[in-house]
Amino acid sequence: KNQVEQSPQSLIILEGKNCTLQCNYTVSPFSNLRWYKQDTGRGPVSLTIMTFSENTKSNGRYTATLDADTKQSSLHITASQLSDSASYICVVTAYRAGSYQLTFGKGTKLSVIP
Amino acid sequence: GAVVSQHPSWVICKSGTSVKIECRSLDFQATTMFWYRQFPKQSLMLMATSNEGSKATYEQGVEKDKFLINHASLTLSTLTVTSAHPEDSSFYICSAGGREGGYTFGSGTRLTVV
């Protein structure tokens, strides 16, 4: 069964600090892994997407890593800002029989406080 | 980049009435459309997957006669909540996929049934 596990479930950090969110998956056959940011009451917005051959992908202060061997990914946020407060969702896509199947993690709720 | 427009962003309706939510891919052809619902503080839950021109595939536990999905064109999919009841109040989000396997989310629709 395809699964995506995210940790921690929630996190509170001080403004300006760095943090790292984790994503472990058991999705097969792997196509890509995306990190999304979802503000409360809004649809998810894509931060990064990585395929099997990519180890690192950056988007401003967001840096995602992927270890396809251990099936682990992380999202590192540098110099956090209050606006980073949101849920961060890891989504892994499998491609099977001509169709894409998405498996969602439950997300990490990040709160950045002054 | 890929843009998905979801409308309306919020709607309040009376119990027993029907509500239609539209999801449009503005600058790409969406071969696959996913519909999700999300309860407060919960992760996205896939309701159904639809491919252009074919019937939607519903997830277990989702009533296909209650949640009508139409994906008649490559740029438009609709979700109709029929005979809505207060327990249908939720946040509904669509996600449109192109042939290259990328996915873009709509901004979501907050449905409140009174």
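The structure we're discussing is the one just above.
The notes below deal with the structure included here. Here the structure is a predicted model, which means the values were calculated and not measured.

One way to say it: the disulfide is the covalent bond shared by the sulfur atoms of two cysteines. All names here are of chain A. The full count for this structure, using the stated rule, is two disulfides over all chains. Two residues share a disulfide in this structure: C23 and C90, whose sulfurs sit 2.0 Å from each other. As the torsion about the S-S bond is roughly -65°, the C23-C90 disulfide counts as left-handed. One end of the pair, C23, is in strand 3 (residues 19-25); the other, C90, is in strand 9 (residues 86-96), and 67 residues separate them in sequence. With relative accessibility at 0%, the residue C90 sits in the buried group. Of all cysteine sulfurs, the one in C90 lies closest to C19, which takes part in no disulfide; the gap is 15 Å. Judged by its relative accessible area of 6%, C19 falls in the buried class.

As a further point, take the packing of aromatic side chains. Applying the stated criterion across every chain, the model contains eight aromatic pairs over all chains. Residues A:Y36 and B:F105 carry aromatic rings whose centres are separated by 4.9 Å and whose planes lie at 90° to one another, so their mutual orientation is edge-to-face. Highlighted residues: A:Y36 in strand 4 (residues 30-38) and B:F105 in strand 10 (residues 103-105), drawn from two different chains. Each member of the pair A:Y36 and B:F105 is classed as buried. Taken together, the aromatic side chains of A:Y36, A:F104, B:F34, B:Y36 and B:F105 make up a single cluster linked through ring pairs.

About the cut-offs
Residues numbered from 1 in each chain as written. Chains lettered and ligands numbered in written order. Predicted model: local features only at pLDDT ≥ 70, side-chain atom pairs only at ≥ 80, totals over all residues. Heavy atoms only, no water. Disulfide = S-S within 2.5 Å. Helix = DSSP H or I, 4+ residues; strand = E, 2+ residues; numbered from the N terminus. Buried < 20%, exposed > 50% of the residue type's maximum accessible area, 1.4 Å probe, protein only. Phe/Tyr/Trp six-rings, centres within 6.5 Å; stacked < 30°, edge-to-face > 60°.

Geometric descriptors of this kind do not, in isolation, establish any biological role.
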